[in-house]
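Residue-level structural notes
Below, each chain spelled out in residue letters.
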Amino acid sequence: MTYKNVKNITIFSIVTLFALVSFELSNAFAEESEEYKIVGGVTPVLTFTFRDGVETHTFPVFEMGENFADNSGTSFSVEGTVTSSPLLHNAMDEAYKYRFSNNAFDYQFKYFDVDADFVKDGESILSLGYNNCRINNYQVETLDSNDYESYFKEVGFAIVDKIDFICSGINSDNDVKITSNDSFTDYGESGFNFANDMKTSVTLMFENGAEKIEFPVFNLVSGYEDSSENVVAEFQVEGILDYYPLLFDAIDKSRQVSGLTVSSNADFDALVEFSNGESILRGFDFTGCRVSDARIITQTDKEEGFTGKSGFALVLQSTFTCSGIDPINMYYEELQGDEPVWKITHISNGYVEPIQNSDKGLSAIATFTFADGIETIEFSMFKQSDVLTVTEDTGSNSFTGKATYPTIELRGIVGDYPMLYNNVDNTLKIQGVAGASSEVLVDIDVDLVSGEKVIRGFNFVNCRAIDYTVSTDTNHEESYVKNKFALENIFDFECQGYHPNNPVYDAMFDVEKANTPSTFDLRNTDQWGPNFTVSE
């Protein structure tokens, strides 16, 4: 055998060995998914396509790093219990090995593609394609309850991989074509429970159709706050991830024109309604809206989802920025009746909070005295500013002694109080105007009542609304897992005067006088009548 033949055989053996190794690595590796409590049943399934093979893993925690509607960058993070992931772990190890190398330096596991499928009932409802990704950072961490509880079986620990990825781009599979210009889709109820059954529905009206979606979480981000500058009308909604063709089409359009000065976004209108199942008590009509922020994230809390104490909720957060807001307060005119406006001098309304669960049965009852009448409302929460604070920090060295005004905050589940809604809506009309119109000033009397007895009281004079929001108070994934949401009205007022009342103390000095006759009550006998005679 010649040297040339030996050389050819050696080269052939090396090529054969490399082919066998490459073939073995190219086999797809699929991790067996663990059973977690997933609210809504939507799970992120990620397929990693490396140069040497493919791996598919299910991560209970997925979070977008940037705004999906803005073309500012592409990153995401995942979190899951450490499992057998040979290719992914090797990519993580090589990222550490070559962490000091030049960015232009390439190695076998540096770049890869990731297909993120969000799966429900075995089918992908949405697919995102991340291309040219790399490991940005990672760590292994044991999640615990941050106290002793994790050492007990019913709580426990979770050892997880936390991995951050940076990619060059992202593509979505929003390939549903809307052919009808008048299509309307009502996605029905969300299936969650709400305090006082007060729910939020949002109807998004596009050029090629409309979608009505019930979101468990709603937040009026801005619109009513007192400001000398223009205030943008903005609201945010959140709900379990689902596929809404028109909404995701609007998100794609926002991303496509992001950063361009010559392209305009496709505006749409949004009708927000707050209903208790029987009637719509409040609403907002937003015009000229666009999707300014969209993110897919997992609501979770430390180790609780992994150990089964709680669960996970994969949600879509969407923020809408609009050019205008028109409040809906249909029951104010109903209060006025059929009389002409110029004949109505006084109207009244009362509202009792259905939820009665305050400590010692204490209730906060606010009486609003408006120019056109009186409205009495029971609120679940009442908060006044620090009463003894007389000045506030202005942030200026030349003017440091700005006097403070008494302020109050009133909170409760969205209810039926049209006169108060009318007041804050009228304040919105003069937003940014210097000074305060007397028509929007209101006196507020707050009584803290236990049963029929007033324990404490406060009088606030010449108040004006400085902010009003509608917001869902949530607690990470807990609200989804426990199936409990509360949609709140939050009213903030600044007043020109304040007077506290202490009726219990005043009653201590209210001494009742005895109802006994005095000498002044006796008949006057120093004068006698003309017919009075004395016999000798």
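Here the structure is a predicted model, which is why all the values come from computation and not from measurement.

The rules behind the values
- Residues numbered from 1 in each chain as written.
- Predicted model: local features only at pLDDT ≥ 70, side-chain atom pairs only at ≥ 80, totals over all residues.
- Heavy atoms only, no water.
- pLDDT = per-residue confidence, 0-100.
- Contact = heavy atoms within 4.5 Å.
- Disulfide = S-S within 2.5 Å.
- Helix = DSSP H or I, 4+ residues; strand = E, 2+ residues; numbered from the N terminus.
- Buried < 20%, exposed > 50% of the residue type's maximum accessible area, 1.4 Å probe, protein only.
- Phe/Tyr/Trp six-rings, centres within 6.5 Å; stacked < 30°, edge-to-face > 60°.
- Lys NZ or Arg CZ within 6 Å of the ring centre and 35° of its normal.
- Core = buried A, V, L, I, M, F, W, Y, C linked by side-chain atoms within 4.5 Å.
- Patch = residues over 30% accessible without salt bridge, like charges linked within 9 Å, V, L, I, M, F, W, Y side chains within 5 Å.
- Areas by Shrake-Rupley, 256 points an atom, 1.4 Å probe, with all protein chains shown as cover.
- Salt bridge = Lys/Arg side-chain N within 4 Å of Asp/Glu carboxyl O.
- Polar contact = N/O pair within 3.5 Å; in protein donor to acceptor, adjacent residues only side chain to side chain.
- Pairing = 2+ DSSP bridges.
- Expected span 1.5 Å × (residues − 1).
- Arc of directions from axis to C-beta.

Of the residues in the protein, 80% reach a pLDDT of 70 or more, and the chain-wide mean stands at 83. Overall, residues 1-26 carries pLDDT values under 50, and its contacts beyond four positions in sequence, including any with other chains, amount to eight contacts.

Here we come to the state of the cysteines. Per the stated rule, a full pass over the model turns up three disulfides. Residue pairing for C133: its cysteine sulfur links by disulfide to C167, the two sulfurs lying 2.1 Å apart. Of note, the bridge from C133 to C167 carries an S-S torsion of about 105 degrees and is right-handed in sense. Of this pair, C133 sits in strand β8 (residues 123-143) while C167 sits in the loop between β9 (158-166) and β10 (169-172); the two residues are 34 residues apart in sequence, bridging distant segments of the chain. Between the sulfur atoms of C289 and its disulfide partner C322 the distance amounts to 2.1 Å. Every disulfide takes its handedness from the sign of the S-S torsion; for C289 and C322 that torsion is 105 degrees, giving right-handed. Separated by 33 residues along the polypeptide, C289 in strand β17 (residues 280-299) and C322 in strand β18 (residues 312-328) bring together distant segments of the chain. Of the two residues examined, C289 and C322, each falls in the buried class. For the protein, the bonded cysteines connect in the pattern 1-2, 3-4, 5-6 when numbered consecutively along the sequence.

Time to look at the packing of aromatic side chains. What the rule picks out here adds up to 45 aromatic pairs. Note on F235 and F320: the rings are 4.9 Å apart at their centroids and 25 degrees apart in plane angle, and the pair reads as stacked. With a gap of 85 residues between them, F235 in strand β15 (residues 233-240) and F320 in strand β18 connect regions that are remote in the sequence. Here Y480 and F485 contribute two aromatic rings whose centre-to-centre distance is 5.1 Å and whose plane-to-plane angle is 80 degrees, an arrangement assigned as edge-to-face. By relative accessible area, F485 is classed as buried at 4%. One cation-aromatic arrangement involves R282 over Y421; the distance from NZ or CZ to the ring centre is 4.3 Å.

So, on to the nonpolar core. Core analysis: the largest hydrophobic core is formed by 111 residues, its most contacted members being F118, Y130, F235 and F368. Considering every element that reaches this core, the biggest residue donor is β17, with eight residues. Once residues within four sequence positions are removed from consideration, F368 is found in contact with G373, I374, E375, I377, F379, L410, L420, V442, D443, I444 and F493. Ranked by size, the runner-up nonpolar core spans seven residues in total, among them Y36, V160, F306 and F312.

Taken together, V82, V140 and I159 make up a surface patch of nonpolar side chains, about 240 Å² in accessible area. Among the structural elements, V82 can be located in the loop between β6 (75-81) and α2 (86-97).

A separate point is the side chain of D293. Inspection of the secondary structure assignment puts D293 in strand β17. At 3.2 Å, the side chain of D293 and the side chain of R295 are in polar contact. When near neighbours in sequence (up to four residues on either side) are disregarded, D293 contacts N67, A69, Q317, S318 and T319.

So, about the pairing of strand β13 (residues 209-215). By the criterion of burial, β13 is predominantly enclosed, with six of the seven residues buried. As judged from the three bridges shared by strand β11 (residues 184-186) and β13, these two strands associate in the parallel manner. Within β13, the position partnered with T185 by the bridge is E211. Alignment of strand β12 (residues 199-206) against β13, held across seven bridges, turns out to be antiparallel. When the sheet's bridge partners are listed, L204 is paired in β13 with E211. Here β12 folds back onto β13, and the loop between the two strands holds two residues.

The next subject is the environment of F76. Looking at where F76 falls in the secondary structure, it is placed in strand β6. Given a relative accessible area of 1%, F76 falls into the buried group. Put simply, F76 and Y130 are 54 residues apart on the chain and 9.5 Å apart in space, counted from C-alpha to C-alpha. Leaving out residues up to four positions away in the same chain, F76 has contacts with L46, F62, E63, M64, G65, V114, Y130, I163, D164, F165 and C167.

A one-sided burial pattern is seen for strand β4 (residues 53-58), the buried positions being G53, E55 and H57 and the unburied ones V54, T56 and T58. The sheet contact formed by strand β3 (residues 42-50) and β4 spans six bridges and is antiparallel. Opposite V45, over in β4, you have T58 as the bridge partner. If you look at the hairpin formed by β3 and β4, you'll find two residues sitting between the two strands.

Quick look at α2 now. Look at α2: 16 Å from first C-alpha to last across 12 residues, which is about the 16 Å you get at 1.5 Å a residue. L87, L88, A91, M92, E94 and A95 are the residues of α2 that are buried. The arc that holds every buried residue of α2, seen down its axis, measures 165 degrees, which confines them to one face.

This brings us to the environment of R282. Inspection of the secondary structure puts R282 in strand β17. Linking R282 and G415, residues 133 residues apart in sequence, is a C-alpha distance of 8.1 Å. For R282, the residues in contact, after removing those within four places along its chain, are Y224, V272, E273, F274, P327, I328, N329, V414, Y421, V424, D425 and Y468. Of the polar contacts made by the side chain of R282, one reaches the side chain of D425; its length is 2.8 Å.

Excluding glycine, residues mostly have negative phi values, and the peptide bonds linking residues are mostly trans. Its identity is not glycine, yet N196 carries a phi of approximately 60 degrees, on the positive side. Summarising the element assignment, N196 is placed in the loop between β11 and β12. Despite not being glycine, K360 shows a phi value in the positive range, around 60 degrees. Position of K360 relative to the elements: it lies in the loop between β19 (347-351) and β20 (362-370).

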